[in-house]
Amino acid sequence: MNINIVVVGSIKEKFYRDAIEEYAKRLSRYAKMSITEVKDEKTPANASASEEDKIKQIEAERILSKFNNSYVVALAIDGKKYTSESFAKRMENYDILSKGNLTFVIGGSLGLHESVLKRADERLSFSDMTFPHQLMRVILLEQIYRAYRIRNNEPYHK
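Here is a short report on the structure shown in this document. (Residues numbered from 1 in each chain as written. Predicted model: local features only at pLDDT ≥ 70, side-chain atom pairs only at ≥ 80, totals over all residues. Heavy atoms only, no water.)

Thoughts on the pairing of strand β3 (residues 71–80)
- Along β3, seven of the 10 residues are buried, which leaves the element largely enclosed by surrounding structure.
- Relative to strand β4 (residues 101–106), β3 runs parallel, the two being bridged by four bridges. Of the residues in β4, the one forming a bridge with Y71 is L102.
- The handedness of the β3 to β4 crossover, carried by helix α3 (residues 84–97), is right-handed.
- Sheet topology note: the β3/strand β5 (residues 122–124) ladder contains four bridges and is parallel. By the bridge assignment for β5, L75 is matched with L124. (Buried < 20%, exposed > 50% of the residue type's maximum accessible area, 1.4 Å probe, protein only. Helix = DSSP H or I, 4+ residues; strand = E, 2+ residues; numbered from the N terminus. Pairing = 2+ DSSP bridges. Right-handed = clockwise from strand over helix to strand, strands pointing away.)

Here it is as structure tokens:
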């Protein structure tokens, strides 16, 4: 399976980059993995709701251009929640639904524009809490890796 993660912004902190590289390396034995970064827009202090929407819309145009012919899962607070075991089963379904091309989308600091959420084939949530989008990359990669370990009946700590 080809798994692409489309993300807004880049990683500046070395500890996040190290964790991302480690999970990408671990995942390489199960799937072809790529991360596509799109430029984030600067949000002025005290931006109005309409200014924030415009920023998300600009970022959305960049995101939408990266989907190709892929099954798209947008990370969103209002998405479906899974246990690690049920997410592993869902990953099996993605094999079929995606026809080998699966894309996860992580928005920037303002989240995802409605146009991206509408284009997504489904929404996934890891929590009702908000996480920094840099950390969310690590969490997503770890859970994808865990899902493959579970699917293959391989040991993984709980």
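Overview of the side chain of R137
- Relative to the helices and strands, R137 is located in helix α5 (residues 133–151).
- Under the relative-accessibility criterion, R137 is labelled buried at 3%.
- For R137, the side chain forms a polar contact with the main-chain oxygen of G9, separated by 2.8 Å. (Polar contact = N/O pair within 3.5 Å; in protein donor to acceptor, adjacent residues only side chain to side chain.)

Quick notes on the side chain of E59
- With respect to the secondary-structure elements, E59 resides in helix α2 (residues 49–64).
- The charged side chain of E59 is buried without a salt bridge, its nearest counter-charge being R62 at 5.7 Å.
- Aside from chain neighbours lying at most four places away, what touches E59 is V8, K39, D40, E41, G108 and G111. (Lys, Arg positive; Asp, Glu negative; His and termini not counted. Salt bridge = Lys/Arg side-chain N within 4 Å of Asp/Glu carboxyl O. Contact = heavy atoms within 4.5 Å.)

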